[in-house]
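Chain residues, written in single-letter form:
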Amino acid sequence: MNILAIETSTPTASLCLSQNGVITYSTEWTTPRNHDAYLFPALQEAMNQLGDERPDLVLIGAGPGSYGGVRVALAAAVGISTVKGCDTVAICSWLGLAEPGIGIISDAKRGGWTLLRPSGDICVLTLEQLKEEITNGLKVATIEDAALMAKHDIPVICSALKPTACGLIQAWNTHPREQKDKWRATPPEPIYVRPPHITAAKRKPWEI
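Source: prediction; values computed, not measured.

Visitor: Kindly report on the pattern of salt bridges, identifying the contributing residues and their values.
Guide: Summed over all chains, the structure comprises four salt bridges. Ionic pairing is found between Asp107 and Lys109, a salt bridge with its closest N-O pair at 3.8 Å. Two residues, Glu133 and Arg117, come together in a salt bridge whose shortest N-O distance is 2.7 Å. A residue pair is termed long-range when its members are at least 10 positions apart, and Glu133 in helix 3 (residues 127-135) and Arg117 in the loop between strand 7 (112-116) and strand 8 (122-126) qualify at 16 residues. Residue Glu133 is classed as partly exposed on the basis of its relative accessible area of 23%.

Okay, here's the thing in structure tokens:
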């Protein structure tokens with residue numbers, strides 16, 4: 001199975017190609033914005049590596065993280081899927097970043113903190129709510145740097161975790177078929193446009 005993975009939810013982004021379980025191309029770049037300037041040359045290199053073959057799956061990191069960055073990856077993935085006739089699946093960028101039983105947090109700005117619970121649920125908490133959960137026994141790691149954690153007095157197991165495209169492929173390969181089927185059945189979209197972050201309207205726009 002050929003899997004092409006793209007992770008652009010943070011300023012440090014990456015692309016990885018796995019062919020029949022072997023990583024045959026991997027690259028990384030860092031930019032605060034304009035991921036597309038680096039993504040498309042990397043995509044060309046990956047497609048050159050595939051040659052006459054095609055990807056069976058395009059795997060996207062859906063965040064949490066940069067909404068614009070994730071959308072760039074999704075747009076590229078939809079284009080590849082349309083031309084090559086393969087599936088596009090978007091999964092949480094943080095899968096596999098921490099040991100089992102450890103939550104992962106990041107600064108969601110405007111006073112909020114995004115938390116990926118050990119159960120796999122994602123929520124946005126206030127700083128006070130997050131600290132209360134930690135006081136009650138929740139252990140957390142973070143993609144943020146240690147200085148930010150110290151500024152807010154948040155104890156963490158480790159900091160500066162980095163989502164990667166290769167990590168997405170590893171997460172995909174280590175999850176059971178039932179979970180993969182659920183991911184395939186979910187529309188590829190950023191985490192932040194999925195409930196509970198954005199809820200469905202009770203009435204359709206044309207009914208209002």
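Visitor: Let's hear about the environment of Ile6: which residues, and what values?
Guide: If you trace the backbone, Ile6 turns up in strand 1 (residues 2-7). For Ile6, a relative accessible area of 0% corresponds to the buried category. Placed 167 residues apart in sequence, Ile6 and Asn173 show a C-alpha to C-alpha distance of 15 Å.

Visitor: Explain unusual backbone geometry residue by residue, including any values.
Guide: Here the bond from Gly63 into Pro64 is cis, since omega is 5 degrees, no more than 30 degrees from zero. Looking at the element boundaries, Pro64 is found in the loop between strand 4 (57-61) and helix 2 (67-84). Non-glycine residue Arg110 carries a positive phi angle of around 50 degrees. Mapping Arg110 onto the fold places it in the loop between strand 6 (103-109) and strand 7.

Reading the values: the criteria
Residues numbered from 1 in each chain as written. Predicted model: local features only at pLDDT ≥ 70, side-chain atom pairs only at ≥ 80, totals over all residues. Heavy atoms only, no water. Salt bridge = Lys/Arg side-chain N within 4 Å of Asp/Glu carboxyl O. Helix = DSSP H or I, 4+ residues; strand = E, 2+ residues; numbered from the N terminus. Buried < 20%, exposed > 50% of the residue type's maximum accessible area, 1.4 Å probe, protein only.

Interpretation in functional terms is not warranted from these geometric data alone.
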